[in-house]
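Residues per chain, in single letters:
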Amino acid sequence: MFKIKKIFLLAITIIVLLVACSNKKDAVNQLPNKIPVTIQILDKSGKYSKFLVHISAKGYQTKEIAYVPKDKTMIVNKKFFTLNLYVGIKYTFQVSPTKYDTIDEYLKAKKASGGTNKGENLPISKIQFTPSLKNDKLTISIE
């Protein structure tokens, strides 16, 4: 009985020491750096002014840390915009023209139509991009 208490106390002591010696910044510093990436939507026909942009990134895991998959949809009404993206992570961009002004308006219409917004979910352009310090600009052409 006394040996079990000693082992239990030893285990608790080791756990407390490990927690006390760990640093929260260690895990954060293992993530790749984020950099501002300038994204240009090149509309060759010139007939679109708003775009539905869907951005996704697969997750990955190293020995020390896991990066969870990301998925974001937004509406942009500019031909140029900037996003902060992680260096070395492969992103997939899907862009299509839209008639909606805001993402809330788009989602409301999608819900009302049962999940189909007459071609708005179909990407006109799909491109994969991996940001780096030398590769911080992306041009997406809409045909």
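Here the structure is a predicted model, which means the values were calculated and not measured.

Caption draft 1: Spatial organisation of the sheet that holds strand β1 (residues 34-43). If you trace the three strands from one edge of the open sheet to the other, you get β6-β1-β9, paired in mixed fashion. This sheet does not close on itself; its edge strands, each paired only once, are β6 (80-86) and β9 (137-142). Neighbour-to-neighbour, the strand axes of this sheet turn through a mean angle of 30°, independent of strand direction. Of the pairings in the sheet, the one linking β1 to β9 comprises six bridges and is parallel in character.

Caption draft 2: Just the confidence of the model for the chain, in detail. Mean pLDDT for the chain: 79, with 74% of residues reaching 70 or above. The secondary-structure element of the chain with the lowest mean pLDDT is helix α2 (residues 24-29), recorded at 50, while strand β7 (residues 91-97) shows the highest, at 92.

Caption draft 3: Fine view of the nonpolar core. In this structure, Ile39, Ile41, Val53, Phe81, Leu83, Tyr91 and Phe93 are the most contacted members of the largest nonpolar core, which totals 23 residues. Residue assignment for this core shows that the elements contributing at least two residues are β1, β2 (51-57), β5 (70-76), β6, β7 and β9. Here phenylalanine 93 is in contact with Ile39, Val53, His54, Ile55, Leu83, Leu85, Ser125, Lys126, Ile127, Phe129, Leu138 and Ile140, once residues within four sequence places are set aside.

Caption draft 4: Representation of the sheet that holds β7 within the structure. Spatially, the four strands line up as an open sheet ordered β5-β2-β7-β8, and their pairing is antiparallel. Of all the strands in the sheet, the pair left with one neighbour each is β5 and β8 (125-129). In this sheet, adjacent strand axes meet at a mean angle of 15° when their direction is disregarded. Taken together, the seven bridges between β2 and β5 define a ladder with antiparallel strand orientation. Of the residues in β5, the one forming a bridge with phenylalanine 51 is valine 76.

Conventions we followed
Residues numbered from 1 in each chain as written. Predicted model: local features only at pLDDT ≥ 70, side-chain atom pairs only at ≥ 80, totals over all residues. Heavy atoms only, no water. Pairing = 2+ DSSP bridges. Helix = DSSP H or I, 4+ residues; strand = E, 2+ residues; numbered from the N terminus. Axes fitted to C-alpha atoms, helices over the stretch in contact; angles between N-to-C directions. pLDDT = per-residue confidence, 0-100. Core = buried A, V, L, I, M, F, W, Y, C linked by side-chain atoms within 4.5 Å. Buried < 20%, exposed > 50% of the residue type's maximum accessible area, 1.4 Å probe, protein only. Contact = heavy atoms within 4.5 Å.

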